[in-house]
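# Tertiary structure, described
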Amino acid sequence: MLAVMSQTSSYNVVCFGEILWDILPDKAVPGGAPMNVAYHLHRLGERPALLTRIGIDERGKELLTIMESMNLDTTFIQLDYELPTGIVHATPNEHGEMSYEIVAPAAWDNIQYDHDVETVVKNAEYFVFGSLATRNKQSKETLYKLLEIASSKVLDINLRQPFFTRESVEELLRKCDVVKMNISELELITGWFADYKSIEERIQLIQDRFNIRSIIVTMGADGAVVNFRGNYHRHNGYKVQVADTIGSGDSFLAAFLSSVLQNKSPEEALTFASGLGALVASKSGGWPAYNISDIDSVINNTQTIQ
């Protein structure tokens, strides 16, 4: 651990999994879905803990320097003396959508379980995790132990070939209370069971089959749909000039969780999340600087997609 905090109850969300560098054609930017979610929760005024692992290399040191400069908490970032800090080669297509080559092994494959980790997860209101953290035995074992004690478990599914199987995805779906996925992931998973056409039928299939409380589906330029505790809500999204889609879905999840933590209605949460997702898509990288007023500007001044 990089620091010791006596009050592990001060965190309301724990984000578990990968932290890495996205290596773009012209630059490198920090990222990883759990890190992106934690970053946006912090910008929105929440108290996230990031449970991950970095190497003792220059990339790891630079991540810590950047996080500390942004006042991001590094208490639960573990140091690995053998494995390198994670990297991903990210390549955009003509629509700004990214393809990823996730290099293995990496330090975040080796996240360890201990008493402090256990305590912070027990005390948090939400525990956010993804499928990528299960690609290695050690991080998977730690994750599964934490899922036994976490309160509300949020699966940010984030499927990346070749690091998942149907069996591993179904296992994670059985363990979560809330799942966030994109439309391609929804179609892939439901295609294993039936040939449904409508989004609502697909969502209902997963909800019923795996007993999941709420499902969030992002659809890029087509907005998002949420089944929140049995009720459907839909937002058509906001029209922006897309720079790239890195971190857009992660910011959406962070904004939705932040809204729920602040007792906002599902409709308000969906509107706010759609606004932040659009704002992040209009900027380069997963960690753009912004204020709440910037999100409000997107919501109030940007035309929704019809």
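This one's a predicted model, so the numbers in the text were calculated from it and none came from an experiment.

## Some thoughts on the overall build of the protein
- Along its length, the protein carries 10 helices and 13 strands.
- In terms of overall dimensions, the protein is globule-like: its C-alpha atoms have a radius of gyration of 18 Å, near the 19 Å expected for 306 residues.
- The long-range fraction of contacts in the protein, counting pairs at least 24 apart against all pairs at least 6 apart in sequence, stands at 71%.
- Accessible surface for the protein amounts to roughly 13200 Å². Of this, 45% is attributable to carbon and sulfur atoms.
- Computed over 26 positive and 39 negative side-chain charges, the inter-centroid distance for the protein is 3 Å.

## Overview of the pairing of strand 3 (residues 28-31)
- The pairing of strand 2 (residues 20-23) with strand 3 spans four bridges and is antiparallel. Bridge pairing in strand 3 links Leu20 to Gly31.

## Notes on the layout of surface pockets
- Empty space within the largest pocket amounts to approximately 1400 Å³.
- In terms of lining, the largest pocket is formed by 48 residues, of which the most central are Asn182, Gly220, Thr245, Ser248 and Gly249.
- Looking at the lining of the largest pocket, the elements that each hand over two or more residues are strand 2, helix 1 (33-43), strand 7 (98-102), strand 10 (178-182), helix 6 (183-190), helix 8 (248-261) and helix 9 (266-281).
- The class makeup of the residues in the lining of the largest pocket is 22 nonpolar, 17 polar and nine charged.

## With respect to the packing of aromatic side chains
- Considering all chains together, one arrives at seven aromatic pairs under this definition.
- On the basis of an interplanar angle of 80° and a centroid distance of 5.6 Å, the ring pair of Tyr11 and Phe76 is categorised as edge-to-face. Taken as a pair, Tyr11 in the segment before strand 1 (13-16) and Phe76 in the loop between helix 2 (58-69) and strand 5 (77-80) lie far apart in primary sequence, 65 residues in all.
- Given a relative accessible area of 2%, Phe76 falls into the buried group.
- Aromatic side chains Phe16 and Phe127 sit 6.0 Å apart centroid to centroid with 50° between the ring planes, which places their arrangement in the tilted category. Of the two residues, Phe16 is situated in strand 1 and Phe127 in strand 8 (residues 126-129); the sequence distance between them amounts to 111 residues.
- Judged by its relative accessible area of 0%, Phe16 falls in the buried class.
- Clustering of aromatic rings is evident, with ring pairs tying together Phe16, Phe127 and Phe129.
- A cation sits over an aromatic face here: Lys175 above Tyr144, 4.8 Å from the ring centre.
- Across from the ring centre of Phe272, 5.0 Å away, lies the NZ or CZ of Lys264, which sits over that ring.

## Topic: empty space enclosed by the protein
- Evaluated as defined, the whole model comprises two cavities of 30 Å³ or more.
- Estimates place the volume of the largest cavity at around 90 Å³.
- Tyr126, Val178, Arg213, Ser214, Ile216, Val226, Phe228, Arg229, Phe256, Leu257 and Val260 together form the lining of the largest cavity.
- Secondary structure elements with two or more residues in the lining of the largest cavity: strand 11 (214-218), strand 12 (224-228) and helix 8.
- Counting residues per element, the lining of the largest cavity draws most heavily on helix 8, at three residues.
- Partitioning the lining of the largest cavity into residue classes produces eight nonpolar, one polar and two charged.
- When its volume is computed, the second largest cavity comes out at roughly 40 Å³.
- In terms of lining residues, the second largest cavity is bounded by Glu18, Ala33, Pro34, Val37, Val128, Phe129, Gly130, Asp156 and Asn158.

Cut-offs and rules
Residues numbered from 1 in each chain as written. Predicted model: local features only at pLDDT ≥ 70, side-chain atom pairs only at ≥ 80, totals over all residues. Heavy atoms only, no water. Helix = DSSP H or I, 4+ residues; strand = E, 2+ residues; numbered from the N terminus. Rg over C-alpha atoms; globule rule 2.2 N^0.38 Å. Contact = heavy atoms within 4.5 Å. Areas by Shrake-Rupley, 256 points an atom, 1.4 Å probe, with all protein chains shown as cover. Lys, Arg positive; Asp, Glu negative; His and termini not counted. Charge placed at Lys NZ, Arg CZ, Asp CG, Glu CD. Pairing = 2+ DSSP bridges. 1 Å grid on protein atoms, 1.4 Å probe; cavity = no way out; pocket = protein on both sides within 12 Å on 5 of 7 lines; lining within 4 Å. Points joined across faces, edges and corners; volume = space filled by probe spheres on them. Nonpolar A, V, L, I, M, F, W, Y, C, P; charged D, E, K, R; others polar. Phe/Tyr/Trp six-rings, centres within 6.5 Å; stacked < 30°, edge-to-face > 60°. Buried < 20%, exposed > 50% of the residue type's maximum accessible area, 1.4 Å probe, protein only. Lys NZ or Arg CZ within 6 Å of the ring centre and 35° of its normal.

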